[in-house]
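Residue-level structural notes
Okay, here's what each chain looks like letter by letter:
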Amino acid sequence: MEITNVTEYEAIAKEKLPKMVYDYYASGAEDQWTLQENRNAFARILFRPRILIDVSKIDMTTNVLGFKISMPIMVAPTAMQKMAHPEGEYATARAASAAGTIMTLSSWATSSVEEVASTGPGIRFFQLYVYKNRKVVEQLVRRAEKAGFKAIALTVDTPRLGRRESDIKNRFTLPPNLTLKNFEGLDLGKMDEANDSGLASYVAGQIDRTLSWKDVQWLQTITSMPILVKGVLTGEDARIAIQAGAAGIIVSNHGARQLDYVPATISALEEVVKATQGRVPVFLDGGVRRGTDVFKALALGASGIFIGRPVVFSLAAEGEAGVRKVLQMLRDEFELTMALSGCRSLSEITRNHIITEWETPRHLPKL
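What comes next concerns the included structure. Note that the structure is predicted; figures quoted are calculated from it, not measured.

Definitions and limits used
- Residues numbered from 1 in each chain as written.
- Predicted model: local features only at pLDDT ≥ 70, side-chain atom pairs only at ≥ 80, totals over all residues.
- Heavy atoms only, no water.
- Buried < 20%, exposed > 50% of the residue type's maximum accessible area, 1.4 Å probe, protein only.
- Helix = DSSP H or I, 4+ residues; strand = E, 2+ residues; numbered from the N terminus.
- Pairing = 2+ DSSP bridges.
- Contact = heavy atoms within 4.5 Å.
- Axes fitted to C-alpha atoms, helices over the stretch in contact; angles between N-to-C directions.
- Parallel < 35°, antiparallel > 145°, perpendicular 65-115°, else oblique.
- Left-handed = near helix turned anticlockwise from the far one by under 90°.
- Nonpolar A, V, L, I, M, F, W, Y, C, P; charged D, E, K, R; others polar.
- Core = buried A, V, L, I, M, F, W, Y, C linked by side-chain atoms within 4.5 Å.
- Polar contact = N/O pair within 3.5 Å; in protein donor to acceptor, adjacent residues only side chain to side chain.
- Salt bridge = Lys/Arg side-chain N within 4 Å of Asp/Glu carboxyl O.
- Arc of directions from axis to C-beta.
- Expected span 1.5 Å × (residues − 1).

1. Points about the pairing of strand 11 (residues 304–307)
Within a regular beta strand, the side chains point alternately toward one face of the sheet and then the other, so they alternate between its two faces. Neither face of strand 11 is open: one carries Gly304 and Phe306, the other Ile305 and Ile307, and all of them are buried. The sheet contact formed by strand 4 (residues 73–75) and strand 11 spans three bridges and is parallel. Bridge pairing links Met74 to Phe306 in strand 11. Examined bridge by bridge, strand 10 (residues 282–285) and strand 11 share three bridges and lie parallel to one another. The residue of strand 11 that forms the bridge with Phe283 is Gly304.

2. Focus on unusual backbone geometry
Located in the positive-phi region is Leu65, a residue other than glycine, with phi close to 50 degrees. Its location among the elements puts Leu65 in the loop between strand 2 (62–64) and strand 3 (67–69). Of the residues examined, Leu65 reaches a relative accessible area of 24% and is grouped as partly exposed. With a phi angle near 50 degrees, Gln277 is a residue other than glycine that sits in the positive phi range. Among the secondary structure elements, Gln277 is positioned in the loop between helix 11 (265–276) and strand 10. On the accessibility criterion, Gln277 (63% relative accessible area) is exposed.

3. What about the environment of Ile305?
Mapped onto the secondary structure, Ile305 falls in strand 11. Residues Ile305 and Pro72, 233 residues apart in the sequence, show an inter-C-alpha distance of 6.2 Å. Apart from the residues lying within four places of it in its own chain, the contact partners of Ile305 are Pro72, Ile73, Met74, Leu284, Val288, Val294 and Ala297.

4. Side note on the packing of helix 6 (residues 134–146) against helix 9 (residues 213–222)
At a minimum axis distance of 10 Å, the contact between helix 6 and helix 9 shows a crossing angle of 50 degrees. Accordingly, the angle class assigned to the pair helix 6 and helix 9 is oblique. The way helix 6 lies across helix 9 gives a crossing that is right-handed. Where helix 6 approaches helix 9, its residues Arg134, Val137, Glu138, Val141, Arg142 and Glu145 are matched on the opposing element by Asp215, Trp218, Leu219 and Ile222. Looking at side-chain class alone, the contact of helix 6 with helix 9 contains five nonpolar, no polar and five charged residues.

5. Thoughts on the nonpolar core
Grouped burial of nonpolar side chains is what soluble globular proteins tend to show. Of all hydrophobic cores here, the largest spans 108 residues; its most connected members are Trp108, Leu128, Tyr131, Ile266 and Phe334. The residues touching Leu128, leaving out its near neighbours within four places in the chain, are Ser107, Val137, Leu140, Val141, Ile152, Ala153, Leu154, Thr155 and Leu219.

6. With respect to the side chain of Thr92
Tracing the chain through its elements places Thr92 in helix 4 (residues 88–98). Engagement of the side chain of Thr92 in a polar contact is seen with the side chain of Gln81, the distance being 2.7 Å. The contacts of Thr92, once residues within four sequence positions are left out, are Val75, Gln81, Met103, Val311, Leu315 and Val323.

7. So, the pattern of salt bridges
Taken as a whole and judged by the stated rule, the model has 16 salt bridges. The salt bridge involving Arg134 is made with Asp215; its shortest N-O contact spans 2.8 Å. With Arg134 in helix 6 and Asp215 in helix 9, this pair connects stretches of sequence that are 81 residues apart. As a salt-bridge pair, Glu320 and Arg324 come within 2.9 Å of each other at their nearest N and O atoms. Taken together, the positions of Glu320 and Arg324, both in helix 13 (residues 309–341) and four residues apart, correspond to about one turn of that helix. A residue is classified by how much of its surface remains accessible, and Arg324, at 40% relative accessible area, is partly exposed.

8. Brief notes about helix 9
Along helix 9, the residues that are buried comprise Asp215, Val216, Leu219 and Ile222. Taken down its axis, helix 9 places every buried residue within 115 degrees of arc, on the same side. In helix 9, those exposed residues whose orientation departs by more than 90 degrees from the buried face are Lys214 and Thr221. Elements in contact with the buried residues of helix 9: strand 6 (124–128), helix 6, strand 7 (151–155) and strand 8 (227–232).

9. Describing the pairing of strand 6
Where burial is concerned, most of strand 6 is hidden: five out of the five residues are buried. Covered by surrounding structure in strand 6 are Arg124, Phe126 and Leu128 together with Phe125 and Gln127, the residues of both alternating faces. Taken together, the four bridges between strand 6 and strand 7 define a ladder with parallel strand orientation. Within the sheet, the bridge partner assigned to Phe126 lies in strand 7 and is Ile152.

10. Thoughts on helix 11
End to end, helix 11 covers 16 Å across 12 residues, agreeing with the expected 16 Å (1.5 Å per residue, within 8%). Those residues of helix 11 not exposed but buried are Thr265, Ile266, Ala268, Leu269, Glu270, Val272, Ala275 and Thr276. Phi turns positive, to about 50 degrees, at Gln277, one or two residues after helix 11.

Everything listed here is a matter of geometry and, on its own, says nothing about what the molecule does.
Structural data, given as structure tokens:
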């Protein structure tokens, strides 16, 4: 069967993967209300397309932290990709590079920063979890910088791991043939079997619950890489992030895997964008499955989006070719959405191109 959209990869991944692995990638926290809402909220935003505009040439290129990329669609950090496919993060890195976009490597990758760098050229960011042992953090950040990574995406919504009940039921742990490659030499690369989720136990033992804004400032003393704060959902925290020296903000609810009943990221986006007042770029992850979703995020003020689950599901289904296809399908859909909305460049996508269901007609521009 020919695959014609991103979502179709999930069913193929479910068939191919062991239950423990599929559930780990697919599930959200507790009731999984936010997991559904991340998708549903996009469906409540409608278009106001402009017609009879010459859309024979469409430019989707953009700049992220000074790096030129082919489209505002990037790869989010997802952990342990070799559980999905033997080539894991190598395949994802090559696919992102071929698409002319940015890959973010997870701290908990099954390939190291050096290994991913060895796949060839490409703009790569590194997602960071702050461990209790700060020497480990310093070492990791320096290794990422030395390997040519261009920015740190600091995850700030995980002082403890969210309650993911399928991981508890499945007694989730990293398969014995794999390690968290970045920590291999530090005796932190393996995950013990636990009475619940092995990952939850690992986080409880290793990740620093005292993490605070002062650590965002500390991070700037150990690296010259710009820092993106990943996991912001409120205007208040957006303002503090800028004061703390963040180079950008990623509006994220961790793929609905942390605190359940937080809003969808697309619903939280505009509040964060307004709070930043254009001082730093704002990005979004969570629930993006269509080019129309990308357009909606940009219309609400995002500078770009990141995709997570579509990458691991397509990786499981077809390896590097699957990830390439996901990036290409989203690109094609986004280009078509721009054309049909009357936008020839990203700068032409405005708030007036959409209507959200919480707006009444009086919010719309005067004719």
